[in-house]
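Fold and contact review
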There are 4 protein chains.
Amino acid sequence: MGSNTFGKLFQITTFGESHGKGIGVVIDGCPSNITIDLSAIQAEVDFRRPGFSEHTTQRKEQDRLEILSGVFKGRSTGAPITLFIKNCDCDSSRYDKIKEVYRPSHANYTYLEKYGIYDHRGGGRASARETVARVAAGAIAKQIIAPVEIFAYIKQIGAIKAEDIDILSNQEQYREIRTNSQINCIDKKAEKKMLRLLKQIREEGDSVGGVIECVILSPPVGLGDPIYEKFEAMLASAMLSIPASKGFEIGDGFGVASMRGSEANDTFVVKEHQVSCLTNHSGGILGGITNGKPIIFRVAFKPTASIARLQKTVNINKEETTLDLDKKLDRHDPCVAIRAVSVIEAMAALVTADKLLYK
Amino acid sequence: MGSNTFGKLFQITTFGESHGKGIGVVIDGCPSNITIDLSAIQAEVDFRRPGFSEHTTQRKEQDRLEILSGVFKGRSTGAPITLFIKNCDCDSSRYDKIKEVYRPSHANYTYLEKYGIYDHRGGGRASARETVARVAAGAIAKQIIAPVEIFAYIKQIGAIKAEDIDILSNQEQYREIRTNSQINCIDKKAEKKMLRLLKQIREEGDSVGGVIECVILSPPVGLGDPIYEKFEAMLASAMLSIPASKGFEIGDGFGVASMRGSEANDTFVVKEHQVSCLTNHSGGILGGITNGKPIIFRVAFKPTASIARLQKTVNINKEETTLDLDKKLDRHDPCVAIRAVSVIEAMAALVTADKLLYK
Amino acid sequence: MGSNTFGKLFQITTFGESHGKGIGVVIDGCPSNITIDLSAIQAEVDFRRPGFSEHTTQRKEQDRLEILSGVFKGRSTGAPITLFIKNCDCDSSRYDKIKEVYRPSHANYTYLEKYGIYDHRGGGRASARETVARVAAGAIAKQIIAPVEIFAYIKQIGAIKAEDIDILSNQEQYREIRTNSQINCIDKKAEKKMLRLLKQIREEGDSVGGVIECVILSPPVGLGDPIYEKFEAMLASAMLSIPASKGFEIGDGFGVASMRGSEANDTFVVKEHQVSCLTNHSGGILGGITNGKPIIFRVAFKPTASIARLQKTVNINKEETTLDLDKKLDRHDPCVAIRAVSVIEAMAALVTADKLLYK
Amino acid sequence: MGSNTFGKLFQITTFGESHGKGIGVVIDGCPSNITIDLSAIQAEVDFRRPGFSEHTTQRKEQDRLEILSGVFKGRSTGAPITLFIKNCDCDSSRYDKIKEVYRPSHANYTYLEKYGIYDHRGGGRASARETVARVAAGAIAKQIIAPVEIFAYIKQIGAIKAEDIDILSNQEQYREIRTNSQINCIDKKAEKKMLRLLKQIREEGDSVGGVIECVILSPPVGLGDPIYEKFEAMLASAMLSIPASKGFEIGDGFGVASMRGSEANDTFVVKEHQVSCLTNHSGGILGGITNGKPIIFRVAFKPTASIARLQKTVNINKEETTLDLDKKLDRHDPCVAIRAVSVIEAMAALVTADKLLYK
């Protein structure tokens, strides 16, 4: 299986470069007779789109989605569904001056070493723009997994952490997050501080990291497989495949290290004639298989590597040089985590759809 | 590809249950003419073996490795290599009293829901005993990736954290860790505290979580693939497939969330006519591809779910009941992380071998 | 792996319908820095194109190839290469009258049963038009496997069989076949009879079957794998995946059934200091692995199912009805085998490229 | 996916050599709670066993089947099922004299070229003995696909062809074939001639080819996938992976080449309120998907390559030499096709089970 493919039964293959003709995805394995709601897919893509809020990059793309195959009279036919998004705003000349410079914490050094060639324009295949294809495919996955719902939101930006707000008793609040928060943060007090920090960071030409939390709500019992395809292993692989992600944890995550078994074990109880757990330290998965509780995980993102500050570096001739991007002209997100919210939801939906189809 | 299979070019398929005939692994894709050093494989398996130190389970297994196929005159032939380890010490009667009880934070509930049948003896397929097959296969992977070396060690048990000791300037110390430390901890001061904690935990019939750090030393530049098979994504999936693991982070991991780009970026420099990085916040990977710096990651483990304390729970008839394991008779590890050290090394070796064969 | 994907290391995924937006292919695994010769690819696509000779369908398509991704400055970058061919000539109204009729020996009955929906326009995904994507991908595969060459040609149409003309001593004749023969037949005498037969068949509104032979010239020793991925098994799967194919044989094929071992064994000899075989009954493969001799195989094709003759059938309401296509208006090939020549070459190139990359 | 693996949802991985410890198979994907009938599996393995009739090799093996994993209280648990058959009768000394000789039409030349090492004892991995693992796995597949039944039988040995005997109206005759015919031939008159021929061939120390026909009876409509995983493509790949097979054809196969569309099309009719076809030229598959009619295919086998006649050949030092096997001491089948009957049934069952699980 090629390395641009994700999933086994609900399988996506993405293609395209940041400044090439466009970005696309082939979905192989979508059940037939599913209504393919183009506006719902477009809404997801728009939500991800840079320029959505002032805190993500200023790049103006329209990201108009086109269906190239697999849909007949508004429904899936069982044939591969191809979605394509043309690139519109592709002045690559800004990238000319840096095409021979290894950009700190960027992929151009490793790509050049691996492939001996690099499409430097806008980052080429290494650009986070590839994730628009994941979001489009994820939108279809979301339709398939309903009534299972997925919510991702900002948990931390820089050192500012959002409070835990229980999702089960505040579902409406979570459902409205996209319209109520510029940066997808549920905790209004934290959001304010975050916005202030982002403004400052942007002015400094710097960037900042963040953490996103995601909940898969109302999953059926029994998703995931015992050994190498544990549900959390699939999620971990999905999340670490997102550009700039550096960590993944499920349930109590790294926090369990300092816990005792007597604290961390989730006690089984009977609730409304169903087996359930009193607590959810495990994050909804036991032995790799969902237990019906909400699946909760977090993903850490590093600060955007492109910063508008003078940086020492090296060029392809192994000469020392500097890199000096322009705050206004060289568009970048101060915090990639914000835009990654929709990508995380999409990848979580893809994992869930894939495992659901096994049932 | 079945869910008991890991890897694509260096591919393993494991089988077997804790109290069945044994545990085995088929390795498909091992290059031919590799010397298969049975004693090296046995050493890895012994290192993992419960009973190795007083801090892991008391279960006495000999874990004698047998080669069932693929080796001729001590060398690999290109045919699948099968390793098998018979189960010796399998009195399953202790498990009879709990076979109808959902064990808190164990997999028997989800297995029963998913499959409608469960081999409860010793945890069956859900037992951590499956990992002995990974360790055996990983031992062959280690031979293939040499001179790349892999070191995993205890970084944290409970709230006790080990100091960072730079591996590049202390390689010998790391190479001797297995003989020098009962619990694979490099920081002697921390080790003492950990041992004290483990003793106490064991006496209380409780368990505790931990964090393991792992370094892949001297990797070549260019391993890993850009999109869904980023080196860190493969590692994440490998690590979260280990029983009881709850989190994975690479490089600065969750710590990057509170960093600025100007801090977190790794500056490129020229060192001995080679491109290198001054720092290694990224943990040796850029854009999913290794950059030649050591690959550093950490994995969090929850406390052992089996504790010798009275726990409330539910049985398969949905009746409330209690579970009361015996400290002496019901063998368990006070801290699963300790034994997971060899499993992490094995999984890291498998990922590295798989990606190396792509080159 | 989805069912629209072929190959493992040089992997293609095709998409698109006969009368949809177009037909496309994503190639994942093409080595980087390969010159992608668009005109060579276009030439292969043109060669396959209906309307190329009067003996294939009259449909007028331009089949202009477009590269959507993966190529930078004329060379492959290691990223997925996407080729797309827009559909131009898509008046689907002719298909309206048959959209509720099960067409004898067509796929619309089984598609409807399997998917509950069917894009009937031009056959949708079941149309042989999908093979244009294979031909485009195969053209790149041909560039990769050079100097290995692939020649397919008509061996039989109806009861007319072409003589065997040794390829090793007549290579130029084979290389010129595309320009020298309207129907890709090397035996000029047989070709004349075939053309006469095809004319008659067309006048009768009927169709006829055929056999194509294919030679992979100068393959290296060692391609293919011992058990389930024997080179001939991969070829067989590739060939039987071509619409209308009904049989595959390698070397002496079905003819070996009546041979003795003493006749059929290929005697090893030393030729120019190399091990070789005196004969090639086995068709260039021993134990699933190429032995360096030309790989020779044949594929049988059934007559085109669409004929311009009154046929009894059934409609989707399970009522008996008739199907009466018009000779002039309802375009069809009198013999699908002719157009399949380029598809067979493409599939053989894909198998060869995939196995070459394993080496 | 490794090359020793077959299938995707019902997936087998085989291992082992002819004269090694034994032959085994791991089945990953068997649904849980299936009764695993060991005696039924053993019966299939016995049926395949050499020595079953005087016309197959004289080798005396007991082929006692052992279950190493995946079965609990007689039922599958969802975990991988491993079956193992120890090798018992492994005097390899007879092979010593030929270990440096390239055996005509054998795999030792290509294995040595590919791997640089070869387990020459009994053919090692290249031995047809590997197929015992397929037969064992196929026996479980047969249990899963019931009530779908599979019948393979000898259609031709040398130039002697068996008459067509309609399976639908003679099902009992086909069900009793294993007990009624030494060589699995349904046509008693042809069988007599075949037995005479086999006796003569054996006396001459020669071997002969054959053709096997196979019917998959009562398949559901809708198995198989449109493009690269057409049901016939999967069958073709399965059949050409069997040692010594040289051709595959479905339905009218190579015979369609000389047919007209007006003859070869299968007319749709309504029969007992179901859509059916009057004829079955297509062999039960349309557009890659089963149409509910019996699936009929044939496989050609070359004569056994090991013959007890003096043959010229070459050794590993590229010197000309001769190979002279002993009729009595060097055991071989005069016609490999006979023993392949059970292997074909097994592979057909595996393909059917795999595609059934997709439904």
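Residues numbered from 1 in each chain as written. Chains lettered and ligands numbered in written order. Predicted model: local features only at pLDDT ≥ 70, side-chain atom pairs only at ≥ 80, totals over all residues.

Our next topic: the environment of V221 of chain A. In this fold, V221 of chain A is placed in the loop between β10 (210-217) and α7 (231-240). Judged by local crowding, V221 of chain A falls into the partly exposed class, with 17 C-beta atoms found within 10 Å. Sequence separation of V221 of chain A and G78 of chain A is 143 residues, and the distance between their C-alpha atoms is 27 Å. The contact partners of V221 of chain A, leaving out residues within four places of it in the chain, are T290, N291 and G292 of chain A together with T110 and E113 of chain B. (Helix = DSSP H or I, 4+ residues; strand = E, 2+ residues; numbered from the N terminus. Buried ≥ 20, exposed ≤ 12 C-beta atoms within 10 Å, placed from the backbone. Contact = placed C-beta atoms within 7 Å.)

Attention shifts here to the relation of the copies chain A and chain B. Rotating chain A by 180° and moving it 0.0 Å along the rotation axis overlays it on chain B with an RMSD of 0.0 Å. Classification of the inter-copy transformation places it as that of a two-fold axis. A shared interface surface links the copies, since 100% of the contact residues of chain A are contact residues in chain B too. (Least-squares fit on C-alpha atoms with pLDDT ≥ 70 in both.)

A few words on the sheet that holds strand β4 (residues 65-69) of chain C. Residue and element names in this part refer to chain C. Pairing in this open sheet of five strands is antiparallel, and the strands run β1-β2-β3-β7-β4 from one edge to the other. A strand with exactly one partner marks an edge of an open sheet, and here the two such strands are β1 (5-6) and β4. As paired elements, strand β3 (residues 22-28) and strand β7 (residues 81-86) share six bridges and run antiparallel to each other. Across the sheet, the residue bridging to I27 is I81, located in β7. Along the sheet face, helix α1 (residues 38-48) touches β4 and β7 and points at about 130° away from the line of β4. (Pairing = 2+ DSSP bridges. Axes fitted to C-alpha atoms, helices over the stretch in contact; angles between N-to-C directions.)

With that settled, consider the interface of chain C and chain D. On the chain D side, the residues contacting the 84 residues of chain C number 84 residues. Residue composition of the side of chain C that touches chain D, by class: 35 nonpolar, 30 polar and 19 charged. Pairing geometry for strand β11 (residues 245-250) of chain C and strand β12 (residues 245-250) of chain D, over three bridges, is antiparallel. Of the residues in β12 of chain D, the one forming a bridge with G247 of chain C is E249 of chain D. (Nonpolar A, V, L, I, M, F, W, Y, C, P; charged D, E, K, R; others polar.)

Take Q200 of chain B: it is sitting in helix α6 (residues 188-203). Counting along the chain gives 134 residues from Q200 of chain B to P334 of chain B, while the straight-line C-alpha distance between them is 9.6 Å.

To continue, consider the packing of helix α7 (residues 231-240) of chain C against helix α9 (residues 336-358) of chain C. Residues and elements named next belong to chain C. Relative to each other, α7 and α9 sit at 145°, their axes nearing to 10 Å. Note that α7 runs across α9; the crossing there is right-handed. In this structure, α7 contributes F231, M234, L235, A238 and M239 to the contact, and α9 contributes I344, M347, A348, L350, V351 and K355. A class-by-class count of the residues in the contact of α7 with α9 yields ten nonpolar, no polar and one charged. (Left-handed = near helix turned anticlockwise from the far one by under 90°.)

A word on the arrangement of the chains. In this view chain B stays clear of chain C, with the nearest C-alpha atoms of the two still 8 Å from each other. At no point do chain A and chain D touch; the closest pair of C-alpha atoms across them sits 8 Å apart.

With that out of the way, let us pick up unusual backbone geometry. Looking along the chain, the bond that leaves A146 of chain C and enters P147 of chain C is cis, with omega of 10°. As for its position among the elements, P147 of chain C is in the loop between α3 (131-145) and β8 (149-157). At E272 of chain A, a position not held by glycine, the phi torsion is positive, near 50°. The exposure class of E272 of chain A is exposed, given the 5 C-beta atoms found within 10 Å.

We now examine the sheet that holds strand β1 (residues 5-6) of chain A. All names here are of chain A. The strand order β1-β2-β3-β7-β4 describes an open sheet built from five strands, whose pairing is antiparallel. For this open sheet the edge positions go to β1 and β4 (65-69), each flanked by a neighbour on one side alone. Helix α3 (residues 131-145) contacts β2 (11-16), β3 (22-28), β4 and β7 (81-86) of the sheet and is inclined by roughly 35° relative to β3.

To continue, consider the packing of helix α1 (residues 38-48) of chain A against α3 of chain A. Residues and elements named next belong to chain A. Relative orientation of the contacting elements α1 and α3 amounts to 140°, with a least axis distance of 9 Å. Classed by the angle they form, the pair α1 and α3 counts as oblique. Seen from above, α1 lies across α3 with right-handed handedness. In contact with A40, I41, E44, V45 and R48 of α1, α3 contributes V132, V135, A136, G138, A139, I140 and Q143. (Parallel < 35°, antiparallel > 145°, perpendicular 65-115°, else oblique.)

Okay, the pairing of strand β7 (residues 81-86) of chain D next. All names here are of chain D. With respect to burial, β7 is a largely interior element, five of its six residues being buried. Where strand β4 (residues 65-69) meets β7, four bridges bridge the pair, whose relative direction is antiparallel. Bridge pairing links S69 to T82 in β7.

On to helix α6 (residues 188-203) of chain A. Residues and elements named next belong to chain A. Its 16 residues give α6 an end-to-end C-alpha distance of 23 Å, which sits within 8% of 22 Å, the value for a rise of 1.5 Å per residue. When we look at burial in α6, the residues that qualify are E191, M194, L198 and I201. Down the axis of α6, the sector holding all buried residues measures 85°, keeping them to one side. Across from the buried face of α6, at angles greater than 90 degrees, the exposed residues are K189, K192, R196 and E203. Of the surrounding elements, those touching the buried residues of α6 are β8 (149-157) and β9 (160-161). Looking one or two residues past α6, G205 carries a phi angle of roughly 70°, positive in sign. (Expected span 1.5 Å × (residues − 1). Arc of directions from axis to C-beta.)

Rotating chain C by 180° and moving it 0.0 Å along the rotation axis overlays it on chain D with an RMSD of 0.0 Å. Comparing contact sets, 100% of the residues at the interface of chain C also lie at the interface in chain D, consistent with an isologous, same-surface contact.

So, on to the confidence of the model for chain A. Averaged over every residue, the pLDDT of chain A is 93; residues scoring 70 or more account for 95%. Reported confidences for the modelled complex are a pTM of 0.96 and an ipTM of 0.96. (pLDDT = per-residue confidence, 0-100.)

What follows concerns the interface of chain A and chain B. How big an interface is tends to be stated in terms of accessible area lost as the parts join. Across the boundary between the two partners, chain A contributes 84 residues, which contact 84 residues of chain B. Mapped by element, the contributors of at least two residues to the side of chain A that touches chain B are β1, α2 (108-115), β10, α7, β11 (245-250), α8 (261-264), β12 (268-271) and β17 (311-314) of chain A. Considering only residue class, the side of chain A that touches chain B consists of 35 nonpolar, 30 polar and 19 charged.

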